[in-house]
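Each chain is listed here by its residues.
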Amino acid sequence: MARSPETTPTLEVRALHKAFGSEPVLRGIDLSVARSEMVFVLGPSGSGKSTMLRCCNRLEEPTSGEIFIEGDRLTGPGVNLNAMRQRVGMVFQSFNLYPHLTAMGNVTLALRRVQKKSRAEAEAIAAEALDKVGLSDRARHHPGQLSGGQQQRVAIARALALKPTVMLFDEPTSALDPELVGDVLAVMRDVKAAGMTMLVVSHEMGFAREAADRVIFMDGGRIVEQGPPDQVLGAPTHDRTRAFLRRFHA
Amino acid sequence: MDAILQQFFNWGVMAQALPLLLKGLGMTLLICAVVIPLGALGGLLAALASTAQARALRWSAIAFVDLFRALPPLVLLIFIYAGLPFAGLRLSPFAAVTIAFFLNNSAYFAEIFRAGLLSVPKGQAEAALSTGLTPAQTLIWVRLPQATRNVLPDLLSNVVEIVKLTSLASVVSLGEMLHAADLVRSVTYNASPLILAAGLYLLLLWPLVRLIGRFERRIAG
């Protein structure tokens, strides 16, 4: 039975398992993210949160389980992965901008080569995306001429320009100097305000409290606890969540 | 002193030799024009194979590279030109030279490209794939441009080596520059044509060697 767009989760993860060799990293993740929802994923290092995120565009191949984007299957054989990946934007901890291309070139590459848009059309879309992240005046700069914060904003523009259905953020501010974090978080706030569905792995607790709709705490490859930020961060029910947060605030 | 000048820097002999040497230079450049692009392409394919997932592919690429890096190019050339006829395969000097140098150069280009591809961080390909580029598009638009830039001095050094390597073609009587110079030497009983050939090689390669030095400094600095 077809479900209406209102009730179909934008991103749905079912019974996701991932092992590296004989080492299990994800032990059964079930997660559903509604349209325009921002879900924050917390957890100690090694808890599997980045792996979970990377499975959501199959940069990591799940060992078992299913993932759906707006009800369309992302996992399994016969999926047009390159087409599906355009619906899942990804922002990396280390930005991963292409150093040989300008900011404009970084944003237009997939528009031109994958979506086959003309140079003029691609540049118009890219200019709009760069404007959204406040970097219109840096379009002709190479990544090496930009600060870390600016690079990450270009990376967000690169993902945004493809008009994805959902965006994954893998510790987007962890590689930044503290004074540059604010600009990136401000852009993420704008992206959310524009209605984007977002799954964010990050340690920015303050931002989680203020902007997230839901916080998930992961440990040992499982979701241990989830709920509104005030509840998970303010009054966690699980010992492991409490221990993690205590360490974080100490 | 006069005898030395007469024997090595005899302008008269050089002037006589020059037309033939220039013709030889033309052949040298023709060999390069065929062997360098072919070798680069073969090397790139071997590099891709040697970094592939499939074990059989990886191992055959590594075996190919090891074999032709270890085999002296002169041995390879003489075998192809003078050895293969015993198996009924008789090749023209030009074909023999092209095949021998292609095999030799592919192996060297492969090692350089492999180092270049490995120097590009994994995140680059991941970023490209995450925007929907296919693995082939990722290679062409993201990995190769960076890989090539990172090993540009090595690629150019290899080109210089290939130009020098072409002089080996003289042993199978292919009329490249060294062959032409040695021919004139044997007719005139004078070493000046060899000096002239050396001078022309220097003229051809010195700018390239300078350029490599500049690239190396830029990458180091």
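Bear in mind that the values here come from a model prediction, so they are computed numbers and not experimental data.

Parameters at a glance
- Residues numbered from 1 in each chain as written.
- Chains lettered and ligands numbered in written order.
- Predicted model: local features only at pLDDT ≥ 70, side-chain atom pairs only at ≥ 80, totals over all residues.
- Heavy atoms only, no water.
- Helix = DSSP H or I, 4+ residues; strand = E, 2+ residues; numbered from the N terminus.
- Rg over C-alpha atoms; globule rule 2.2 N^0.38 Å.
- Buried < 20%, exposed > 50% of the residue type's maximum accessible area, 1.4 Å probe, protein only.
- Areas by Shrake-Rupley, 256 points an atom, 1.4 Å probe, with all protein chains shown as cover.
- Lys, Arg positive; Asp, Glu negative; His and termini not counted.
- Charge placed at Lys NZ, Arg CZ, Asp CG, Glu CD.
- Core = buried A, V, L, I, M, F, W, Y, C linked by side-chain atoms within 4.5 Å.
- Contact = heavy atoms within 4.5 Å.
- Pairing = 2+ DSSP bridges.
- UniProt positions renumbered as here; feature names shortened; annotations may be inferred.
- Patch = residues over 30% accessible without salt bridge, like charges linked within 9 Å, V, L, I, M, F, W, Y side chains within 5 Å.
- Salt bridge = Lys/Arg side-chain N within 4 Å of Asp/Glu carboxyl O.
- Axes fitted to C-alpha atoms, helices over the stretch in contact; angles between N-to-C directions.
- Parallel < 35°, antiparallel > 145°, perpendicular 65-115°, else oblique.
- Left-handed = near helix turned anticlockwise from the far one by under 90°.
- Nonpolar A, V, L, I, M, F, W, Y, C, P; charged D, E, K, R; others polar.
- pLDDT = per-residue confidence, 0-100.
- Buried area = accessible area lost by both parts, 1.4 Å probe.

A word on the overall build of chain A
Each helix and strand counted, chain A has nine helices and 10 strands in total. Computed over its C-alpha atoms, the radius of gyration of chain A comes to 18 Å, within 12% of the 18 Å expected for a compact globule of 250 residues. In terms of overall dimensions, chain A has a C-alpha envelope of 55 × 45 × 40 Å along the principal axes. Per-residue burial for chain A yields a buried fraction of 54% across its 250 residues. Within the structure as shown, chain A displays about 10,600 Å² of accessible surface, and the carbon and sulfur contribution to it stands at 48%. Averaging the positions of the 31 positive and the 28 negative side-chain charges in chain A gives two centres separated by 5 Å.

Thoughts on the nonpolar core
Of all hydrophobic cores here, the largest spans 89 residues; its most connected members are Phe40, Met52, Ile156, Met167, Met188 and Leu199 of chain A. No other element matches helix 6 (residues 178-193) of chain A, which puts seven residues into this core. Sequence-distant contacts of Ile156 of chain A, that is, excluding residues within four places in its chain, are made with Val91, Val133, Met167, Phe169, Val184, Val187, Met188 and Val191 of chain A. Counting residues in each nonpolar core, the second largest holds 39 residues, with Leu76, Leu77, Ala96 and Val159 of chain B among its members.

Overview of the pairing of strand 1 (residues 11-20) of chain A
Residue and element names in this part refer to chain A. The pairing of strand 1 with strand 2 (residues 23-33) spans eight bridges and is classified as antiparallel. Counterpart to Ala19 in the pairing with strand 2 is Pro24. Between the antiparallel neighbours strand 1 and strand 2 lie two residues, among them Gly21 with a positive phi of about 65°. Strand direction decides the pairing type here: strand 1 and strand 4 (residues 64-69), joined by five bridges, are antiparallel. The residue of strand 4 that forms the bridge with His17 is Ser64.

Quick word on the UniProt feature "domain: ABC transporter" (unreviewed entry) in chain A
In the numbering used here, UniProt assigns the "domain: ABC transporter" (unreviewed entry) feature to residues 11-245 of chain A. Segment residues 11-245 of chain A splits into 37% helix and 26% strand. End C-alpha atoms: 27 Å apart.

Some words on a positive patch on the surface
All names here are of chain B. Where like charges cluster on the molecular surface, the positive patch consists of Arg149, Arg210, Arg214, Arg217 and Arg218. Ranked by residues supplied to the positive patch, first place goes to helix 10 (residues 192-220) with four residues. On the secondary structure map, Arg210 appears in helix 10. The exposure class assigned to Arg210 is partly exposed, which follows from its relative accessible area of 43%.

Regarding the UniProt feature "transmembrane region" (unreviewed entry) in chain B
UniProt's entry tags residues 20-49, 61-82 and 194-213 of chain B with the feature "transmembrane region" (unreviewed entry), counted in the numbering of this structure. Spanning residues 61-82 of chain B, this segment combines 91% helix with 0% strand, and its end C-alpha atoms are found 27 Å apart.

What to know about the sheet that holds strand 4 of chain A
The sheet built from four strands is open, its strands ordered 2-1-4-5 (chain A) with antiparallel pairing. Of all strands in the sheet, those bounded by a partner on one side alone are strand 2 and strand 5 (72-73) of chain A.

Focus: the packing of helix 6 (residues 122-130) of chain B against helix 7 (residues 135-150) of chain B
Residues and elements named next belong to chain B. Across the interface, helix 6 lies against helix 7 with an axial gap of 9 Å and an inter-helix angle of 140°. Here helix 6 is positioned oblique relative to helix 7, judged by the angle of their axes. Considering only the axes of helix 6 and helix 7, their crossing is right-handed. Contact residues: helix 6 offers Gln124, Ala125, Ala128 and Leu129, while helix 7 offers Pro135, Thr138, Val142, Arg143 and Gln146. Partitioned by chemical class, the residues of the contact of helix 6 with helix 7 number five nonpolar, three polar and one charged.

Description of the confidence of the model for chain B
Residues and elements named next belong to chain B. Across chain B, the average pLDDT comes to 92, with 99% of residues at 70 or higher. Looking at the elements of chain B, mean pLDDT is at its lowest for helix 1 (residues 2-8), recorded as 86, and at its highest for helix 6, recorded as 96. The ipTM value of the predicted complex is 0.93, and its pTM value is 0.87.

Looking at the interface of chain A and chain B
Listed as interface residues are 21 residues of chain A and, on the opposing side, 17 residues of chain B. Both sides of the chain A and chain B interface together cover about 1,700 Å² of buried area, and 58% of this is carbon and sulfur. If you sort the residues of chain A by the area they bury against chain B, Tyr98, His100 and Arg113 of chain A come out on top, with a joint share of 31%. For the pair chain A and chain B, the number of links is one salt bridge. A salt bridge links Glu126 of chain B to Arg54 of chain A, with the shortest nitrogen-to-oxygen separation between them at 2.7 Å.

Thoughts on the UniProt feature "domain: ABC transmembrane type-1" (unreviewed entry) in chain B
Those residues carrying the UniProt feature "domain: ABC transmembrane type-1" (unreviewed entry) are residues 25-213 of chain B in this numbering. From the first C-alpha to the last, residues 25-213 of chain B spans 25 Å; its make-up is 80% helix and 0% strand.

A closer look at the pattern of salt bridges
Here the structure, examined in full by the defined rule, presents 23 salt bridges over all chains. Notably, a salt bridge pairs Asp213 of chain A with Lys192 of chain A, separated by 2.9 Å at the nearest N-O pair. Linking Asp213 of chain A in the loop between helix 7 (205-211) and strand 9 (214-219) with Lys192 of chain A in helix 6, this pair joins segments that are 21 residues apart in sequence. Here Glu126 of chain B and Lys122 of chain B are joined by a salt bridge, their closest N and O atoms 3.8 Å apart. Pair noted here: Glu126 of chain B and Lys122 of chain B are both in helix 6, with a separation of four residues, about one helical turn. Where salt bridges share partners, they join Glu12, Arg14, Glu66 and Arg73 of chain A into one cluster.

Thoughts on the environment of Leu130 of chain A
Residues and elements named next belong to chain A. Inspection of the secondary structure assignment puts Leu130 in helix 4 (residues 119-132). With relative accessibility at 1%, the residue Leu130 sits in the buried group. With sequence-adjacent residues up to four places away left out, Leu130 is seen in contact with Ala103, Met104, Val107, Leu135, Ser136, Ala139, Val154 and Ala157.

Observations regarding the sheet that holds strand 7 (residues 166-170) of chain A
All names here are of chain A. Taking strand neighbours across the sheet as the criterion, the six strands line up as 6-7-8-3-9-10 in an open arrangement whose pairing is mixed. The outermost strands of the open sheet, each flanked by one partner alone, are strand 6 (88-91) and strand 10 (222-227). On average, each strand axis in the sheet is inclined to that of its neighbour by 20°, with strand direction left out of account. Direction of pairing for strand 3 (residues 38-42) relative to strand 8 (residues 197-201): parallel, over a ladder of four bridges. Looking across to strand 8, one finds that Val39 is bridged to Leu199. Each of strand 6 and strand 7 touches helix 5 (residues 148-160); the most contacted strand, strand 6, lies at about 170° to it. On top of the sheet, helix 6 reaches strand 3, strand 7 and strand 8; it is set at about 150° to strand 8, its chief contact.

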